[in-house]
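# Results of the structural survey
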Amino acid sequence: MTTLSMPAAFRTAQAARAAAALRSVVLGVDTHKDVHVAAVLDHLGGLLDTREFPATAAGYRQLLDWARQFGTVLRAGVECTGSYGAGLARYLATQRVPVVEVNQPDRSARRRRGKTDAVDAEAAARAALSGTARALPKSGDGQVEVLRMLRLAKNSAVKARTQALNQLKAVLVNAPSDLREELEPLSTALLVRRCAELVDPRDGNPAADTAAFTLRLLAQRVLRLRQEVTELGRRMTAAVRASAPSLLERLGIGPDSAAALLITAGDNPERLSSEASFAALCGPAPSRSPRARPGAVGSTGAGTGRPTGRHDHMPSAA
């Protein structure tokens, strides 16, 4: 069958597919917990289409297949690559689609253009097309992601342990006199162990029985959380040694400070072009404006966890 003998509709569809294969497009995605809204622009900035997809592995595949119907995806601008957009950013990276991190539109732009998911997705695509958005997202698939999860769990365990210990001491203040006089002189470590071994007096005094029960419950909670903190700290140290073993050899850097620095840099430190860019990310970089509040931007964890001594170079992640 020759081209001239083909039906007109078939020739039109074939020509459209051929044109799409030669066209370059840019993808923008406004991410949410359950759904992602995507927009596709041509190389001149013309809006081709917008569509909504589920925030699942199948939805990621559908989104990319849909975008590729319009042409070769030159790059993708994705919002919230550290939270709701993390899964999509990782999937696009595996499909060799360059991904840039897009900040949410400022309030003045939203007042002018309105606020809908489709508008935000289009804005993300325009930011990627114009080069306004150039930051590379964290890959989130290596030892640093392991550190992030361990540090999150450890911080919450430390906070819960401190809260339980404060509650234990508050209960002890109003405990029966004989119990309070026995326990108050003890150090914190001995106090927790002694309270964990308390038995209900069962002398017909509901307040005394409840005080002993509550003290025992809180003390056992403190001991469990202490074990959690110890185990999480051990795993964090192992993860730091696997990611950047030379970092712990620096004076003044322990596992927690090392984890904060590595989490800020991410699993792909090539995102940071220089030591100055890392300083800006941490927050201690000097501001050009004398009125700017120091430390107003950047990673608070890395800013508070940086080493106190003078170090000329960041250690390699070997």
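These lines cover the structure that appears in this document, whether it is placed above or below. Here, residues in each chain are numbered from 1, in the same order as that chain's written sequence. Only residues with pLDDT of at least 70 get local features here, since the model is predicted, and only at 80 or more are side-chain atom pairs given and counted; chain-wide, interface and lining totals rely on the full set of residues. Excluding hydrogens and water, the side-chain values take into account all heavy atoms of the structure.

### Things to note about the overall build of the chain
Looking only at helices and strands, one finds 12 helices and five strands in the chain. Only protein chains enter the area calculation, which uses a 1.4 Å probe; residues under 20% of their type maximum are buried, those over 50% are exposed, and those in between are partly exposed. In the chain, which comprises 318 residues, the share counted as buried stands at 35%. By definition, residues are in contact when any of their heavy atoms lie within 4.5 Å. Across the chain, contacts joining residues at least 24 apart in sequence account for 57% of those joining residues at least 6 apart. We get accessible surface area from the Shrake-Rupley algorithm with a probe of 1.4 Å; when it comes to residues, only the shown protein chains can shield them. Carbon together with sulfur atoms contributes 54% to the accessible area of the chain, which is approximately 18700 Å² in total. In this text, helices come from DSSP runs of H or I with a minimum length of four residues, and strands from runs of E with a minimum of two, each type numbered from the N-terminal end.

### Considering the nonpolar core
Put simply, buried Ala, Val, Leu, Ile, Met, Phe, Trp, Tyr and Cys residues joined by side-chain atoms within 4.5 Å make one nonpolar core. Within the largest apolar cluster, 21 residues are counted, with the highest numbers of intra-cluster contacts made by Leu27, Trp66 and Leu92. Sorting elements by how many residues they give to this core places helix α2 (residues 57-68) first, with five residues. Ranked by size, the runner-up nonpolar core spans 20 residues in total, among them Met236, Ala258, Ile263 and Cys282.

### Remarks on the packing of aromatic side chains
The criterion for an aromatic pair is that two Phe, Tyr or Trp rings (for Trp, the six-membered ring) have centres within 6.5 Å, with stacked assigned to planes under 30 degrees apart, edge-to-face to planes over 60 apart and tilted to the rest. Under the definition given, this model contains three aromatic pairs. Ring plane angle 35° and centroid distance 6.3 Å describe the contact between Tyr60 and Tyr91, whose orientation is recorded as tilted. You can see Tyr60 sitting in helix α2 and its partner Tyr91 sitting in helix α3 (residues 86-94), a full 31 residues away along the chain. The pair formed by Tyr60 and Tyr91 is uniform in burial state, with each residue classed as buried. Ring centres of Trp66 and Phe70 lie 5.5 Å apart, and the angle between their planes is 85°; this geometry places the pair in the edge-to-face category. Given the relative accessible area of 3%, Trp66 is considered buried.

### Digging into the packing of helix α6 (residues 143-173) against helix α8 (residues 188-196)
Angles run from 0 to 180 degrees between N-to-C directions of axes, and those axes are lines fitted to C-alpha atoms, restricted for helices to the stretch in contact. Two elements in contact, α6 and α8, have axes separated by 12 Å at closest approach and are oriented at 75°. Considered as vectors, α6 and α8 are oriented roughly perpendicular to each other. In this structure, α6 uses Leu165, Leu168, Lys169 and Leu172 to contact α8, whose residues at the interface are Thr188, Leu191, Val192 and Cys195. When residues are grouped by polarity, Ala, Val, Leu, Ile, Met, Phe, Trp, Tyr, Cys and Pro land in nonpolar, Asp, Glu, Lys and Arg in charged, and all others, Gly among them, in polar. For the contact of α6 with α8, the per-class residue count stands at six nonpolar, one polar and one charged. Between 65 and 115 degrees an angle is taken as roughly perpendicular, under 35 as roughly parallel, over 145 as roughly antiparallel, and anywhere else as oblique.

### What about the sheet that holds strand β2 (residues 35-42)?
Here, a strand pair is defined by DSSP locating no fewer than two bridges between the strands. A sheet is described by the order of its strands in space; here five strands give the open sequence β3-β2-β1-β4-β5, paired in mixed fashion. Since the sheet does not close on itself, it has two edges, and those belong to β3 (47-54) and β5 (99-102), each with one partner. Here the average twist between neighbouring strands, direction ignored, is 25°. In this sheet, β2 lies alongside strand β1 (residues 24-31) in antiparallel orientation, the contact comprising seven bridges. Note that in β2 the partner of Asp30 across the bridge is Val37.

### Here we look at helix α10 (residues 255-265)
In terms of burial, α10 is a largely internal element, eight of the 11 residues being buried. Regarding α10, the residues found buried are Ala258, Ala259, Ala260, Leu261, Leu262, Ile263, Thr264 and Ala265. Gly266, located one to two residues past α10, shows a positive phi value of around 90°.

### A short note on the environment of Pro137
Within the secondary structure layout, Pro137 lies in the loop between α5 (117-130) and α6. Considered as a pair, Pro137 and Thr81 are 56 residues apart in the sequence and their alpha carbons are 6.1 Å apart.

### Re the pairing of β2
Most of β2 is tucked away, with seven of its eight residues classed as buried. Hairpin remark: β1 followed by β2, antiparallel, with three residues in the connecting loop. Pairing between β2 and β3: seven bridges, direction antiparallel. Bridge pairing links Val40 to Asp49 in β3. The antiparallel pairing of β2 with β3 creates a hairpin that spans four residues between the two strands, and Gly45 there sits at a positive phi of about 95°.

### Things to note about the pattern of salt bridges
One speaks of a salt bridge when a side-chain nitrogen belonging to Lys or Arg is within 4 Å of a carboxyl oxygen belonging to Asp or Glu. Across all of its chains, the model carries seven salt bridges by this definition. Among the ionic pairs, Glu122 bridges to Arg126, the shortest N-O distance being 2.8 Å. With a gap of four residues between them, Glu122 and Arg126 both fall in helix α5, about one helical turn apart. For Arg126, a relative accessible area of 31% corresponds to the partly exposed category.

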